[in-house]
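Each chain is listed here by its residues.
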Amino acid sequence: MNTVLPLLEAPPRTLQLPDSAREGLARTPFGLYVHVPFCATRCGYCDFNTYTSDELGPGANRAEYAGTAITELRRAADVLGPDLPTVSTVFVGGGTPTLLPAEDLAAVLAAVRELFPVADDVEVTTEANPESVTPASLGTLRAAGFTRLSLGMQSAAEHVLAVLDRRHTPGRAVQAAREARAAGFAHVNLDLIYGTPGETDADWSASLDAVLAAPVDHVSAYALIVEEGTRLARRIARGELPLPDDDVLADRYVQADTVLRGAGFDWYEVSNWSRGDAARCRHNELYWANANWWGVGPGAHSHVGGVRWWNVKHPAAYAQRLAAGEDPVADSEVLEPADRALETVMLGLRLRDGLPLPALSDAGRLRAADAVARGLLDPAAHAAGRAVLTDRGRLLADAVVRDLTD
């Protein structure tokens, strides 16, 4: 369980962007991420910066959170001005953003429009747990300008949801997706997790069937990672549950890819499939392209022009900083050209389009040729000057990335 941290957490810092970070600011794709750190309960596998009511402690008020986030948005506009970038994507994540009233999320989006120029085709996403939305709340969000909903389904098997400490019933995610479509959401995503201890082949098949029965145009599927310090990790350490099996994880991934592609979904990032380019998550693509974004909220990370910074983690410390007229920044760093080049390779290799071979180092290009010989990179793409993962390469994506960037 998270403990209540000292409110200040670290000495206050004042955020200043160097002139080098401002070069091209108005021309580089720009997004806003808003972190809502509240959850009704803590899922056993989760190590995100989230808090239940019992973990918040004094000074963190969910009812006032929207106003606090808007205060940081105003600071963002002041720091980035006077030539503000145009917001192309807004992503509200968590935690469970939809634990806040829909009217609060609408107020945050209205503040974005008040403070920043916003693209006519802006993508506005909120994450949600299936049990945290209703037809009425979804209607309010859609009317406010939200265009995309990402629902945490994880599994269609009740016993798998129980191991993950998820609260919703197996059919609720599909029903919530239908309610989102009825409310007018153009794009709906379902998140899945595979490899949970106790999950059978039949369970995973049922989860994929449930996704295909839902009116969604995007699916994210992630292998279960046992994070240190989580309840799931402790249960495995005590021998109550087995570790996820790597061979099973690979089989689950292949099955997901086969089923989804057969139903008209194409992969565009190792863990993400969409029905056509318009259904891709443009906000995530902004991250993968190393573009610019400002992260609002406790623990949120930002990147502008090679400068990265992150906020204090506890909601009370975050609120205190902003109430005192201070930046909520915990620390920052300026990325060296070599660091930026490395991140470009690490992210680009996970994408369907891959990346140009000249983005690799000399050693990396030699290893890329070897990866072609081993069936991990596409030979035709390599001959055309790009490093693109094969289907087998996707199963070993992390290893390929390490090999080409080591």
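It should be emphasised that the depicted structure is a prediction, and the values quoted were computed from it without experimental measurement. (Residues numbered from 1 in each chain as written. Predicted model: local features only at pLDDT ≥ 70, side-chain atom pairs only at ≥ 80, totals over all residues. Heavy atoms only, no water.)

When its secondary structure is counted, the chain shows 17 helices and 14 strands. Relative to the 2.2 N^0.38 estimate, which gives 22 Å for 406 residues, the radius of gyration of the chain is 21 Å and therefore close to what a compact globule would have. Projected onto the principal axes, the alpha-carbon positions of the chain cover approximately 60 × 50 × 45 Å. Scored against the burial criterion, the 406 residues of the chain give a buried share of 52%. A separation of at least 24 residues holds for 72% of the contacts in the chain among residues at least 6 apart in sequence. In the form shown here, the chain has an accessible surface area of approximately 17,300 Å², with 53% of it arising from carbon and sulfur atoms. (Helix = DSSP H or I, 4+ residues; strand = E, 2+ residues; numbered from the N terminus. Rg over C-alpha atoms; globule rule 2.2 N^0.38 Å. Buried < 20%, exposed > 50% of the residue type's maximum accessible area, 1.4 Å probe, protein only. Contact = heavy atoms within 4.5 Å. Areas by Shrake-Rupley, 256 points an atom, 1.4 Å probe, with all protein chains shown as cover.)

Looking at where Arg 148 falls in the secondary structure, it is placed in strand S4 (residues 148-154). Here Arg 148 is buried and forms no salt bridge, its nearest opposite-charge partner Glu 123 lying at an N-O distance of 4.5 Å. (Lys, Arg positive; Asp, Glu negative; His and termini not counted. Salt bridge = Lys/Arg side-chain N within 4 Å of Asp/Glu carboxyl O.)

A word on helix H10 (residues 246-262). If you check H10, its first and last C-alpha atoms are 24 Å apart, about what 17 residues at 1.5 Å a residue would give, namely 24 Å. All of the buried residues along H10 are Leu 249, Arg 252, Tyr 253, Ala 256, Asp 257 and Leu 260. Around the axis of H10, the buried residues are gathered within 130° of arc, so they sit on the same side. Away from the buried face of H10 by more than 90 degrees, exposed residues Asp 247, Asp 251, Thr 258 and Gly 262 are located. Structurally, H10 contributes buried residues whose contacts are with strand S5 (187-194), helix H8 (201-213), strand S6 (218-223), strand S7 (266-269), strand S8 (272-274) and helix H16 (391-395). Where H10 starts, the residue carrying a side-chain oxygen 2.9 Å from the main-chain nitrogen of Asp 247 turns out to be Asp 245. (Expected span 1.5 Å × (residues − 1). Arc of directions from axis to C-beta. Polar contact = N/O pair within 3.5 Å; in protein donor to acceptor, adjacent residues only side chain to side chain.)

Along strand S2 (residues 87-94), eight of the eight residues are buried, which leaves the element largely enclosed by surrounding structure. Bridge count between strand S1 (residues 30-36) and S2: seven bridges; the pairing is parallel. Bridged to Gly 31 within S2 is Thr 89. For S2 and strand S3 (residues 118-128), the ladder comprises five bridges, and the chain directions are parallel. Residue pairing in the sheet places Val 90 in a bridge with Val 124 of S3. Running through helix H4 (residues 102-115), the crossover from S2 to the neighbouring parallel element S3 is right-handed. (Pairing = 2+ DSSP bridges. Right-handed = clockwise from strand over helix to strand, strands pointing away.)

Turning our eyes to something else, we now look at the environment of Thr 230. Its location among the elements puts Thr 230 in the loop between S6 and helix H9 (231-237). Those residues within four positions of Thr 230 in sequence are excluded, and the remaining contacts are Gly 44, Tyr 45, Cys 46 and Asp 47.

Looking now at the packing of aromatic side chains. Each aromatic ring pair is characterised by the separation of its centres together with the angle its planes make. Scanning all chains against the criterion turns up nine aromatic pairs. Aromatic side chains Phe 38 and Tyr 65 sit 5.3 Å apart centroid to centroid with 85° between the ring planes, which places their arrangement in the edge-to-face category. Within this pair, whereas Phe 38 is found in the loop between S1 and helix H2 (53-56), its partner Tyr 65 is found in helix H3 (residues 65-80), the two being separated by 27 residues in sequence. One exposure class covers both Phe 38 and Tyr 65, and it is buried. Ring geometry for Trp 294 against Trp 309: centres 5.0 Å apart, planes inclined by 75°, an arrangement best described as edge-to-face. (Phe/Tyr/Trp six-rings, centres within 6.5 Å; stacked < 30°, edge-to-face > 60°.)

Segmentation of the chain into domains returns domain 1 (19-289) and domain 2 (336-405). When each unit is reduced to the centre of its C-alpha atoms, the spacing between domain 1 and domain 2 is 28 Å. The interface of domain 1 with domain 2 comprises 14 residues on the first partner and nine residues on the second. When domain 1 packs against domain 2, the two sides together hide about 1,200 Å² of surface, and 55% of this comes from carbon and sulfur. Sorting the residues of domain 1 by area buried against domain 2 places Trp 267, Val 270 and Trp 288 first, and these three jointly supply 50% of that buried surface. One can count seven residue pairs in polar contact (both at pLDDT 80 or more) joining domain 1 with domain 2. (Domains from an automatic or database assignment. Buried area = accessible area lost by both parts, 1.4 Å probe.)

A few words now on a nonpolar patch on the surface. Together, Val 254, Leu 395 and Leu 396 line one region of the surface with nonpolar side chains, adding up to about 220 Å² of accessible area. Mapped onto the elements, Val 254 comes out in helix H10. A relative accessible area of 40% places Val 254 in the partly exposed class. (Patch = residues over 30% accessible without salt bridge, like charges linked within 9 Å, V, L, I, M, F, W, Y side chains within 5 Å.)

Position of Glu 179 among the secondary structure elements: in helix H7 (residues 172-183). Within the structure, Glu 179 has its side chain in polar contact with the side chain of Arg 172 (distance 2.9 Å). Each residue touching Glu 179, except ones within four places of it in the same chain, is listed here: Val 133, Thr 134, Pro 135, Leu 138 and Arg 172.

Now for helix H5 (residues 135-144). Helical geometry: 3.6 residues make up each α-helical turn, so side chains three or four residues apart lie on a common side. Here H5 has its buried residues at Ser 137, Leu 138 and Leu 141. Mapping the buried residues of H5 onto a view down its axis gives an arc of 100°, with all of them on the same face. Residues of H5 that are exposed and point over 90 degrees away from its buried face: Pro 135, Ala 136 and Ala 143. Buried residues along H5 sit in contact with H4, S3, S4 and H7. Positive phi appears at Gly 145, one or two residues downstream of H5, with a value of about 120°.

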